[in-house]
Amino acid sequence: KLLVFLAAGVLALFPVSLLFGWLNVRGLQLKRRAPAVVHVGTPGSLTILVHNPARWFPAFSIRALQPELRGMLTRHSRAGVPLVEARGYGRIPLSVVFLRRGEYRLVGLTLQSRFPFGLLTFRRHASARTRIVVYPKALPLSARLKERLLTSVSTSGERAQARSGEDEVFGLREYREGDSSSRVHWRTSARIGRPMVLEMEGLADIRYRIALDTWVE
């Protein structure tokens, strides 16, 4: 008889679980927020935003399931929030790692709850679409490049003076039509017997060329 009473009690819980479980997830709205910048191999955080538009009733024991894509690993893929207040929001962080660079399109999101007794699982699907661009792995600059960049910064003021006309003397050359008379070096011109002008040169800017492979695997 005891087993019969226990079985009857469990069966009686099913209608209650079915009703309250359905009401618990009904109307919940899901959104996905992606980090602004993601690099290969560096953990990033996806935020699942759960909105409960109900006026009176909170939502309990809500979990979010993020479908994985090729080249993407999801940690704590079943993270959740214990409570979302009525007309409130719950935030579920998901840690993801991308193994390849390129563009990823995340489509679909599943909300899950086993409230109230854990006898039944209720799911709600949302067609959340998110586009994520994963950049190549960030690497430290080489010592040589750092030195060149520091040299470039230290001479920026001198280059500004050169562009404003305060150039450095590079050498002497013969006068050519159109040269400014202020550049004529009269002492050398008198000694050689023909007009010579100062050849000026500003400090050259350091230029870098970055080659970016835009091929997406």
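Residues numbered from 1 in each chain as written. Predicted model: local features only at pLDDT ≥ 70, side-chain atom pairs only at ≥ 80, totals over all residues. Heavy atoms only, no water.

(A) Molecular detail of unusual backbone geometry. Across the junction of Phe115 and Pro116, the peptide omega takes the value 10°, indicating a cis bond. The phi angle at Ser61 is positive, at roughly 50°, despite the residue not being glycine. Taking the relative accessible area as the measure of exposure, Ser61 reaches 37% and is therefore partly exposed. Phi is positive for Arg87, close to 60°, though the residue is something other than glycine. Among the secondary structure elements, Arg87 is positioned in the loop between strand S6 (80–84) and strand S7 (89–98). On the basis of relative accessible area, Arg87 is assigned to the exposed category, the value being 52%. (Buried < 20%, exposed > 50% of the residue type's maximum accessible area, 1.4 Å probe, protein only. Helix = DSSP H or I, 4+ residues; strand = E, 2+ residues; numbered from the N terminus.)

(B) The packing of aromatic side chains, seen in detail. Taken as a whole and judged by the stated rule, the model has two aromatic pairs. Ring geometry for Phe60 against Phe115: centres 4.9 Å apart, planes inclined by 20°, an arrangement best described as stacked. Taken together, the residues span a long stretch of sequence, with Phe60 in strand S4 (residues 59–65) and Phe115 in the loop between strand S8 (102–113) and strand S9 (122–135) at a distance of 55 residues. When its relative accessible area of 22% is taken as the criterion, Phe115 is described as partly exposed. Plain terms: the ring middles of Phe98 and Tyr104 are 4.7 Å apart, the flat faces sit at 55° to each other, and that makes the pair tilted. This pair shows no difference in class: Phe98 is buried, exactly as Tyr104 is. (Phe/Tyr/Trp six-rings, centres within 6.5 Å; stacked < 30°, edge-to-face > 60°.)

(C) Here's a closer look at the sheet that holds S7. Spatially, S1-S3-S7-S5 is the arrangement adopted by the four strands of the open sheet, whose pairing is antiparallel. The outermost strands of the open sheet, each flanked by one partner alone, are strand S1 (29–33) and strand S5 (72–75). Strand-to-strand, the axes of this sheet are offset by a mean angle of 30°, without reference to chain direction. Pairing of S5 with S7 involves four bridges; the strand directions are antiparallel. (Pairing = 2+ DSSP bridges. Axes fitted to C-alpha atoms, helices over the stretch in contact; angles between N-to-C directions.)

(D) Structural context of the pairing of S9. The pairing of strand S2 (residues 38–39) with S9 spans two bridges and is parallel. What sits directly across from His39, in S9, is Tyr135. Of the strand pairs in this sheet, S8 and S9 are connected by eleven bridges, and their pairing is antiparallel. Paired with Leu106 across the strands is Thr130, a residue of S9.

(E) Representation of the environment of Ser189 within the structure. Position of Ser189 relative to the elements: it lies in helix H4 (residues 186–192). What makes Ser189 buried here is its relative accessible area of 9%. With 15 residues separating them along the chain, Ser189 and Glu174 place their C-alpha atoms 9.0 Å apart.

(F) Highlighting the sheet that holds S2. The mixed open sheet is built from five strands, whose spatial order is S2-S9-S8-S4-S6. A single partner strand is all that each edge strand has here, and the edge strands are S2 and S6. Where S4 meets S8, three bridges bridge the pair, whose relative direction is antiparallel. Within S8, the residue paired with Arg63 across the bridge is Gln112.

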